Amino acid sequence: MIPRMPRWQSYVATTTQPMFTPEQCKMIIDAGHQCKPEQAKVGGGEEGKYDTKKRVTTISWIPFDKLPQMYKVIENQLSIINLNHFYFDGVSLTEPAQFTEYPKTGFYDWHMDLNAFGQDGQNPIRKISMTCLLSDPSEFKGGDLLFSDMGDNKPLQLKQGQAIFFASFLRHKVAPVKKGIRRSLVMWFGGPPFK
Ligand SMILES: O=C(O)CCC(=O)C(=O)O
């Protein structure tokens, strides 16, 4: 195969349509609730610490064999988006999905997703991150996902079930939720280090 660059390379791309229907979002939320939610830490692996100045949210991990169909949909989107936008080398599903729940006042301050390394503590490194909004936007206020490199810092308006994929080295944050609960599904796709 002759390698080709995408016509428009970018480091942030949203799915044109929601990846999941409201019913599928509910199924993912139910699965997330069944997988031992815990208070999220800051920093990956063994060095993770609780820091309520930086992050207030609960998370749980959805194993690959719990929702295989969900993972197939995500894998398919990842390969389309990687081909058309990022064109990173060898990215694949290296870590299970994080189900995330932000209560009122919950947030996650500025960070990059590079600090955690693959399961074996070495490779692969995180290259592409994904957030899929599981809540209907009418269910919460605040909780905007923001990127520091986007000049005007305008919040991205995702629909329920819609996902945004972005380069894991981009600084981003989730602003405090002012009302209701914001639920998201977060994944990181790893591969060999950038060359
Ligand atoms: O909940 C989100 O939309 C993003 C969360 C996030 O940035 C993370 O968990 O690293």
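Further up the page is the structure itself.
Thresholds applied
Residues numbered from 1 in each chain as written. Predicted model: local features only at pLDDT ≥ 70, side-chain atom pairs only at ≥ 80, totals over all residues. Core = buried A, V, L, I, M, F, W, Y, C linked by C-beta atoms within 7 Å. Buried ≥ 20, exposed ≤ 12 C-beta atoms within 10 Å, placed from the backbone. Helix = DSSP H or I, 4+ residues; strand = E, 2+ residues; numbered from the N terminus. Contact = placed C-beta atoms within 7 Å. Pairing = 2+ DSSP bridges. Near = placed C-beta within 6 Å. Nonpolar A, V, L, I, M, F, W, Y, C, P; charged D, E, K, R; others polar. Expected span 1.5 Å × (residues − 1). Arc of directions from axis to C-beta.

Draft legend 1. Geometry of the nonpolar core. With 29 residues, the main nonpolar core has Ile28, Ile128, Met130, Cys132, Phe165, Leu185 and Met187 as its most contacted residues. Sorting the residues of this core by element identifies helix H1 (22-34), helix H2 (68-86), strand E6 (97-102), strand E8 (125-133), strand E11 (163-167) and strand E14 (182-191) as the ones contributing at least two each. Contacts of Ile128, omitting those with residues within four sequence positions, involve Leu78, Asn82, Phe86, Phe88, Val91, Phe165, Ala167, Ser168 and Phe189. With five residues, the next largest nonpolar core counts Tyr108, Phe140, Val174 and Val177 among its residues.

Draft legend 2. Local environment of the pairing of E14. E14 sits mainly inside the fold: eight of its 10 residues count as buried. Bridging between strand E5 (residues 92-93) and E14 involves two bridges; their strand directions are antiparallel. In the strand pairing of E14, Leu93 is matched with Phe189. Relative to E14, E6 runs antiparallel, the two being bridged by five bridges. For Phe99, the partnering residue across the bridge sits in E14 and is Leu185. Where E8 lies against E14, eight bridges are found, and the strand directions are antiparallel. Across the sheet, the residue bridging to Ser129 is Trp188, located in E14.

Draft legend 3. Inspection of the pairing of E8 at higher detail. Here E8 lies mainly inside the structure; eight of its nine residues are buried. Direction of pairing for E8 relative to E11: antiparallel, over a ladder of five bridges. Following the sheet pairing, Ser129 is matched in E11 by Phe166.

Draft legend 4. Geometry of the site of the ligand. Surveying the vicinity of the ligand reveals the residues Thr100, Tyr108, Asp113, Thr131, Leu145, His172, Val174, Ser184 and Val186. Every element with two or more residues in the shell around the ligand is listed here: strand E12 (172-174) and E14. A class-by-class count of the residues in the shell around the ligand yields four nonpolar, four polar and one charged.

Draft legend 5. How the structure looks around the sheet that holds E12. If you trace the four strands from one edge of the open sheet to the other, you get E3-E7-E12-E10, paired in antiparallel fashion. Each edge of the open sheet carries a strand with a single partner, namely strand E3 (55-56) and strand E10 (145-147).

Draft legend 6. Region of the structure containing H2. Compared with an ideal rise of 1.5 Å per residue, which puts 19 residues at 27 Å, H2 spans 25 Å between its outermost C-alpha atoms and is within 8% of the ideal. Along H2, the positions that sit buried rather than exposed are Met70, Ile74, Leu78, Ile81, Asn82, His85 and Phe86. Summarising the axial view, the buried residues of H2 lie within an arc of 105°, below the 170-degree limit, and thus occupy one face. Across from the buried face of H2, at angles greater than 90 degrees, the exposed residues are Pro68, Gln69, Lys72, Asn76 and Leu83. At its buried positions, H2 is contacted by strand E1 (12-14), H1, E8, E11 and E14. Of the residues one or two after H2, Tyr87 is the one with positive phi, at around 60°.

Draft legend 7. A look at the environment of Phe88. One can find Phe88 in the loop between H2 and E5. For the pair Phe88 and Lys127, spaced 39 residues apart in the sequence, the C-alpha separation amounts to 7.7 Å.

Draft legend 8. Just H1, in detail. Compared with an ideal rise of 1.5 Å per residue, which puts 13 residues at 18 Å, H1 spans 19 Å between its outermost C-alpha atoms and is within 8% of the ideal. All of the buried residues in H1 are Cys25, Ile28 and Gly32. For H1, the angular spread of the buried residues around the axis is 60°, confining them to a single face. Along H1, the residues that are exposed and aim more than 90 degrees away from the buried face are Glu23, Asp30 and Gln34. Tucked inside the fold, the buried residues of H1 contact strand E4 (58-62), H2, E6 and E14.

Limitation: the analysis is restricted to geometry and does not speak to function.
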